[in-house]
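A closer look at the structure
These are the residues of each chain, in order.
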Amino acid sequence: PLFDRVDAVFPEGVELFCFPEGIKLYDSIPPPSFHSFIHTSEEGIHSLGCCLKFYEPMEVMHCDRLKALFPSKNDELDDSNYFVPKSLCLISRWPFIESFREVLCQFYRLSLSQIELPIERYICNFIDDVPAPPKEGQKDINYYILDQMIKFKCPPLNQPNSWSSLPAQPLFECLNPENIVNLFTAILIERQVVFISSQLSLLTSAAEGITSLMYPLRWVHVYVPVLPLPLIGILAAPLPFIVGILSTYLAEEDCYIGEESVRVYLDENKIDFGTLGPPPTIPERRR
């Protein structure tokens with residue numbers, strides 16, 4: 001839309017979450033990638049962000065700006081030699097991540113195709129004309145774009161914990177049951193938890209998977225499953241949090257993780273419980 005809607009103002013800082021590790025140039029085209037993030041408003045309302053990142057040749061204006069910033073590199077910088085990342089981002093209060101991923105992929109296909117209508121018409125059709133499915137979970141909404149049918153469906157009312165925006169399977173593939181129980185206990189007693197992975201797509205999956213197990217309880221503290229590098233200072237905050245960082249952040253000078261924080265290495269199936277040690281065991285079930 002030409003103007004923000006009063007009831008759905010576009011959140012600030014979204015570009016940081018679309019490119020959490022910053023902007024990097026490549027001399028060859030990397031494959032497109034997808035990741036998701038959780039954006040928290042000032043009122044504490046969570047929104048799901050879905051990002052499809054792709055790469056295109058660097059434009060002349062970008063090349064000129066880089067040459068002005070780095071005069072010593074002028075001989076190396078050529079807009080025909082480098083590719084820059086771009087992102088299609090969809091933000092919603094609805095946790096239909098797999099469906100949103102398919103929608104973004106189809107929008108990307110449209111951008112590469114010869115189409116009669118501008119792509120903005122397709123986007124407005126999806127946002128304005130496709131209804132949300134009923135909360136009772138009794139009906140599906142089928143959305144057709146190009147040759148693809150995309151389904152939207154709410155879970156039944158008797159399965160409220162299935163409202164997690166991401167499946168829990170990746171979490172259980174990264175961590176063994178013992179580590180998951182210890183991690184779950186650490187979150188229940190409100191420890192500082194840092195998820196670490198080389199794969200951006202794993203961070204939100206792990207955080208959403210473990211917090212969905214808390215139902216009917218809810219995590220009310222700082223929650224940033226994908227932490228952009230410019231916001232790395234959050235790791236030094238003296239309060240409970242759940243954040244996720246790329247493993248490359250650990251080499252940054254500003255990346256200070258408190259000694260009491262629980263570090264969860266998703267790529268290695270390893271948890272470092274910090275100076276406070278492992279959490280207390282969950283009490284035995286009463287007879």
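Right above here is the structure, for reference.
Calculation rules
Residues numbered from 1 in each chain as written. Predicted model: local features only at pLDDT ≥ 70, side-chain atom pairs only at ≥ 80, totals over all residues. Heavy atoms only, no water. Pairing = 2+ DSSP bridges. Helix = DSSP H or I, 4+ residues; strand = E, 2+ residues; numbered from the N terminus. Axes fitted to C-alpha atoms, helices over the stretch in contact; angles between N-to-C directions. Contact = heavy atoms within 4.5 Å. Core = buried A, V, L, I, M, F, W, Y, C linked by side-chain atoms within 4.5 Å. Buried < 20%, exposed > 50% of the residue type's maximum accessible area, 1.4 Å probe, protein only. Phe/Tyr/Trp six-rings, centres within 6.5 Å; stacked < 30°, edge-to-face > 60°. Disulfide = S-S within 2.5 Å. Parallel < 35°, antiparallel > 145°, perpendicular 65-115°, else oblique. Left-handed = near helix turned anticlockwise from the far one by under 90°. Nonpolar A, V, L, I, M, F, W, Y, C, P; charged D, E, K, R; others polar.

1. Things to note about the sheet that holds strand β7 (residues 222-224)
Read across the open sheet, the five strands follow the order β7-β8-β6-β9-β10; overall the sheet is mixed. Every other strand in the sheet has two partners, leaving β7 and β10 (270-272) as the edge strands with one partner each. Averaged over neighbouring strand pairs, the angle between their axes works out to 20° when direction is ignored. In this fold helix α7 (residues 200-212) packs onto β6 (193-197), β7 and β8 (241-246), with an angle of close to 145° to the strand it touches most, β6.

2. Notes on the nonpolar core
In terms of nonpolar packing, the biggest core is built from 70 residues, with Phe-195, Leu-235 and Ile-245 touching the most fellow members. In terms of residues, this core owes the most to one element, helix α3 (residues 97-111), which gives seven residues. Ignoring sequence-local partners within four residues, the contact set of Ile-245 consists of Val-194, Phe-195, Ile-196, Ser-197, Leu-203, Leu-227, Ile-232, Leu-235, Leu-250, Cys-255 and Ile-257. The next biggest cluster of nonpolar side chains, apart from the first, holds five residues, and it includes Cys-63, Leu-66, Leu-77 and Val-84.

3. Overview of the sheet that holds strand β3 (residues 83-92)
Taken in spatial order, the three strands of this open sheet run β1-β2-β3, and their pairing is antiparallel. Only two strands of the sheet have a single neighbouring strand rather than two, namely β1 (33-40) and β3. Adjacent strand axes in the sheet meet at a mean angle of 30°, parallel and antiparallel pairs treated alike.

4. Side note on the packing of aromatic side chains
Tallied over the entire structure, the rule returns 10 aromatic pairs. Judged by centre distance (5.2 Å) and plane angle (25°), the ring pair of Phe-17 and Phe-37 falls under stacked. Of this pair, Phe-17 sits in helix α1 (residues 14-18) while Phe-37 sits in strand β1, and the two are 20 residues apart along the sequence. In terms of burial, Phe-17 and Phe-37 fall into one category: buried. For the pair Tyr-26 and Tyr-55, a centre-to-centre distance of 5.3 Å together with 80° between the ring planes defines the contact as edge-to-face. In this pair, Tyr-26 is assigned in the loop between α1 and β1 and Tyr-55 in strand β2 (residues 46-57), connecting sequence segments 29 residues apart.

5. Notes on the state of the cysteines
For the structure on display, the rule yields zero disulfides. No disulfide involves Cys-124; its sulfur sits 16 Å from the nearest other cysteine sulfur, which is in Cys-89.

6. Quick word on the packing of α3 against helix α4 (residues 119-129)
α4 packs onto α3 with a crossing angle of 160° between their chain directions and a minimal axis gap of 10 Å. Comparing their axes, α4 and α3 come out roughly antiparallel. For the pair α3 and α4, the crossing hand works out as right-handed. Together, Phe-100, Val-103, Phe-107, Leu-110 and Ser-111 of α3 and Ile-119, Tyr-122, Ile-123 and Phe-126 of α4 make up the contact between the two elements. Broken down by class, the residue content of the contact of α3 with α4 amounts to eight nonpolar, one polar and no charged.

7. Considerations on unusual backbone geometry
Geometrically, the link from Tyr-215 to Pro-216 is a cis peptide bond, its omega value of 10° lying close to zero. Along the chain, Pro-216 falls in the loop between α7 and β7. Not every positive phi belongs to a glycine, and Glu-190 is a case in point at roughly 60°. Within the fold, Glu-190 resides in the loop between α6 (177-188) and β6. Looking at Glu-190, the relative accessible area reads 42%, which means it is partly exposed. Backbone geometry at Asn-269 places phi at a positive 55°, although glycine is not the residue there. Relative to the assigned elements, Asn-269 resides in the loop between β9 (262-265) and β10.

Such coordinate-based values are descriptive only and should not be taken to indicate function.
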